[in-house]
Amino acid sequence: MPKPALRRVIAATSALAGALALGLTAAPAQAATPLNYAALGDSYSAASGVLPVDLGNLLCLRSTANYPHVIAARTGARLTDVTCGAAQTKDFTASQYPGVAPQADAVTADTDLVTLTIGGNDNGTFINAILDCGTAGILSGGKGSPCKDTYGTSFEDAIDTNTYPALKSALSAVRAKAPDARVAVLGYPWITPATADPSCFAQLPVAEGDVPYLHALQAHLNAVVERAAEETGATYVDFSQVSAGHDACQPLGTRWIEPLLFGTNIVPVHPDALGEQRMAEHTMSVLGLG
């Protein structure tokens, strides 16, 4: 090989070796900055009744297996979890218990992600409806629609009159504190099937005509939550399709919600560990996380 050509080969080889050496010794690319994640909401967010319990605040009956912890674990987010059992929308801006700060205090200008489930406790919507309809169902032997006959549209009227404006106010308060954050408002997974299942009466003692009544009440609440979310620039996470067939009347391992009687949670009519996991997965799917 002529000397000029040989020199060119040697030079090119040296340059390639240098480039490889630089590539091998260069600092690795930095990982994406973890999301600052604030989790707010009621017992469906806190996973009240699911073990293990967060010992940091026993009043809130919060689980470390709730859907916020699942999301944080799978995304590497920095989680601030202030979810609290029995929370209402008013507890976003006022203290729920002595020593428990308003939930919105966990949201700052640096917050990237907020998730929450809220509204079911306002006006006693869930607890009163379930208890009243359960009592009426037992007294009627599961026949007829005694709860619907007694209460009619009163639960839905209270949702429209009181819960809806309270939801908008609470979500607006969150948005004002973190205008650039993604805010995900989760609907409530189905508690009852769409129609009565006679084999479920021992676990969920609701009269056959009141099962669709409660189902429609929950659908109404979720529609109001969705409306408030959309009107405040939040993302609504809809569970109406994905939670179908996973209600409290389904067998363990299929159901996401535990029944009123003979369930596995210490807090009945709430999501179990599987339900919280599925709520997390669907939320991440809707938000494009993970």
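Residues numbered from 1 in each chain as written. Predicted model: local features only at pLDDT ≥ 70, side-chain atom pairs only at ≥ 80, totals over all residues. Heavy atoms only, no water.

Trainee: What is the right way to look at the sheet that holds strand β5 (residues 235-237) in this model?
Mentor: In a beta sheet, neighbouring strands are held together by backbone hydrogen bonds and run either parallel or antiparallel to one another. As summarised here, the arrangement of the five strands in space is β2-β1-β3-β4-β5, forming an open sheet in which the pairing is parallel. With one partner strand each, in any of the chains shown, β2 (78-81) and β5 form the two edges of the open sheet. Taking the axes of each pair of neighbouring strands and ignoring which way they run, one obtains an average angle of 20 degrees across the sheet. Against the sheet, helix α7 (residues 211-231) engages β4 (182-186) and β5, with an angle of about 160 degrees to β5. (Pairing = 2+ DSSP bridges. Helix = DSSP H or I, 4+ residues; strand = E, 2+ residues; numbered from the N terminus. Axes fitted to C-alpha atoms, helices over the stretch in contact; angles between N-to-C directions. Contact = heavy atoms within 4.5 Å.)

Trainee: Sorry, what's going on with the packing of aromatic side chains here?
Mentor: The relation between two aromatic rings is expressed through the spacing of the ring centres and the mutual angle of the planes. A complete count under the given rule lists four aromatic pairs for this structure. Judged by centre distance (5.1 Å) and plane angle (80 degrees), the rings of Y44 and Y188 are edge-to-face. Of the two residues, Y44 sits in helix α2 (residues 43-46) while Y188 sits in the loop between β4 and α7, which places them 144 residues apart along the sequence. Classification of Y44 as buried rests on a relative accessible area of 2%. (Phe/Tyr/Trp six-rings, centres within 6.5 Å; stacked < 30°, edge-to-face > 60°. Buried < 20%, exposed > 50% of the residue type's maximum accessible area, 1.4 Å probe, protein only.)

Trainee: What is the right way to look at empty space enclosed by the protein in this model?
Mentor: It is the rolling of a water-molecule-sized probe over the atoms that shows where space remains empty. Counting across every chain of the model gives one cavity of 30 Å³ or more. Approximately 70 Å³ is the volume attributed to the largest cavity. Together, T125, F126, A129, I130, I191, T192, L214, H215, L217 and Q218 line the largest cavity. Classifying every residue of the lining of the largest cavity gives six nonpolar, four polar and no charged. (1 Å grid on protein atoms, 1.4 Å probe; cavity = no way out; pocket = protein on both sides within 12 Å on 5 of 7 lines; lining within 4 Å. Points joined across faces, edges and corners; volume = space filled by probe spheres on them. Nonpolar A, V, L, I, M, F, W, Y, C, P; charged D, E, K, R; others polar.)

Trainee: Mind showing me how you'd approach the layout of surface pockets here?
Mentor: Quantified by volume, the largest pocket comes out at close to 290 Å³. Considering the residues around the largest pocket, the lining is formed by 19 residues, among which N121, I127, P268, V269 and H270 are closest to the centre. Counting only elements with at least two residues in the lining of the largest pocket, the list comes to α2 and α4 (125-139). Across the lining of the largest pocket, the residue classes tally to 12 nonpolar, six polar and one charged. Its volume calculated, the second largest pocket comes out at about 190 Å³. Along its surface, the second largest pocket is lined by 16 residues, and D197, P198, F201, V206 and E208 are the ones closest to its centre. Classifying every residue of the lining of the second largest pocket gives 10 nonpolar, three polar and three charged.

Trainee: Looking at this structure, I do not really get the pattern of salt bridges. What am I missing?
Mentor: Two side chains bearing opposite charge may form a pair once their charged atoms approach each other closely. All told, the structure shown has eight salt bridges when counted by the stated rule. Between R62 and D81 there is a salt bridge, with its nearest N and O atoms 3.8 Å apart. Highlighted residues: R62 in the loop between α2 and α3 (67-75) and D81 in strand β2, separated in sequence by 19 residues. With a closest N to O distance of 2.9 Å, E258 and R255 form a salt bridge. (Salt bridge = Lys/Arg side-chain N within 4 Å of Asp/Glu carboxyl O.)

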